[in-house]
Amino acid sequence: MKLIVRFVMFVVACLVPLCAESQEITDYQNRIILHEQADVTNNLFLAGWIINNGQVYGTSNINLFGGVGYRGKKWWFESMIQRQWSAKDRKLLWDNRFQGQLGKKSSLYLEVAPFLDRDAIYDMAIFEKNVWHKINVGAETENVHKPGKDSFGAGPRVSVPLAEFGNYKLSVALVYQLRRQETNALRFYMVFNRKDKLF
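What you see is a predicted model; the values in this text were computed from it and never measured.

The rules we used
- Residues numbered from 1 in each chain as written.
- Predicted model: local features only at pLDDT ≥ 70, side-chain atom pairs only at ≥ 80, totals over all residues.
- Heavy atoms only, no water.
- Phe/Tyr/Trp six-rings, centres within 6.5 Å; stacked < 30°, edge-to-face > 60°.
- Helix = DSSP H or I, 4+ residues; strand = E, 2+ residues; numbered from the N terminus.
- Buried < 20%, exposed > 50% of the residue type's maximum accessible area, 1.4 Å probe, protein only.
- Lys NZ or Arg CZ within 6 Å of the ring centre and 35° of its normal.
- Pairing = 2+ DSSP bridges.
- Axes fitted to C-alpha atoms, helices over the stretch in contact; angles between N-to-C directions.

1. A short note on the packing of aromatic side chains
Scanning the model with the defined rule gives four aromatic pairs in all. Between Trp75 and Phe98, the aromatic rings sit 6.3 Å apart at their centres with planes inclined by 25 degrees, giving stacked as the arrangement. Here Trp75, found in strand β4 (residues 75–86), pairs with Phe98, found in strand β5 (residues 90–102); they are 23 residues apart in sequence, far enough to count as distant. Under the relative-accessibility criterion, Trp75 is labelled partly exposed at 35%. For the ring pair Phe165 and Phe192, a centre distance of 6.5 Å and an interplane angle of 70 degrees mean the geometry is edge-to-face. In this pair, Phe165 sits in strand β9 (residues 153–165) while Phe192 sits in strand β11 (residues 184–197), placing the two residues 27 residues apart along the sequence. Residue Phe192 is classed as partly exposed on the basis of its relative accessible area of 22%. In this structure an aromatic cluster arises from ring pairing among Tyr70, Trp75 and Phe98. Cation over ring: Arg97 sits above Phe65, and NZ or CZ is 4.5 Å from the ring centre. Residue placement shows Arg157 over the ring face of Tyr189; its charged tip is 5.0 Å from the ring centre.

2. Brief notes about the sheet that holds strand β10 (residues 168–179)
Overall, mixed pairing links the 11 strands, which are arranged β1-β2-β3-β4-β5-β6-β7-β8-β9-β10-β11 in a closed barrel. Averaged over all pairs of adjacent strands, the angle between strand axes in this sheet comes to 20 degrees, irrespective of strand direction. Bridge analysis of strand β7 (residues 121–132) against strand β8 (residues 135–145) gives 11 bridges, and the strand direction is antiparallel. In the sheet register, Ile121 faces β8, and the bridge partner there is His145.

Here you go:
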């Protein structure tokens, strides 16, 4: 309970100065994420994600992923087809994700997703290090490479695993992304991870 209170206090401390900014400076976003891994063997699994990306000033979207994955001792890799829907557009991507432990207290997440219906590539990277109890701090970058103007963003990140219930693990994170020649983003993540056996 104390950990949750500390995290809420951190979120409030970040929001107070940002709320004084104009609407053109910060877009407030939330990502509600469900991640499923269904084991076929000890290493091979089916992978799926549902991501709701809500944005106050940007274009909200919802994403559905499905594919296969392979798990090592301290890492996993997933390769999936991604479909994104928004009020403005539909997108189709080939999404590839890797997550691994770097030593005892650090982790690295990498994602590369070529678009299948246009000339562009999406990538994302997250590095985190456990600094105190269950609190992790690090950095996040999210980019889209395309002809003409690329989209670049990066910023600090803090995350906390909150609870486990059944096969689910719940964690939350807060990120402030500085976007080059775009609206900066204050983003809140709520992530539900589930691992189970297919048979």
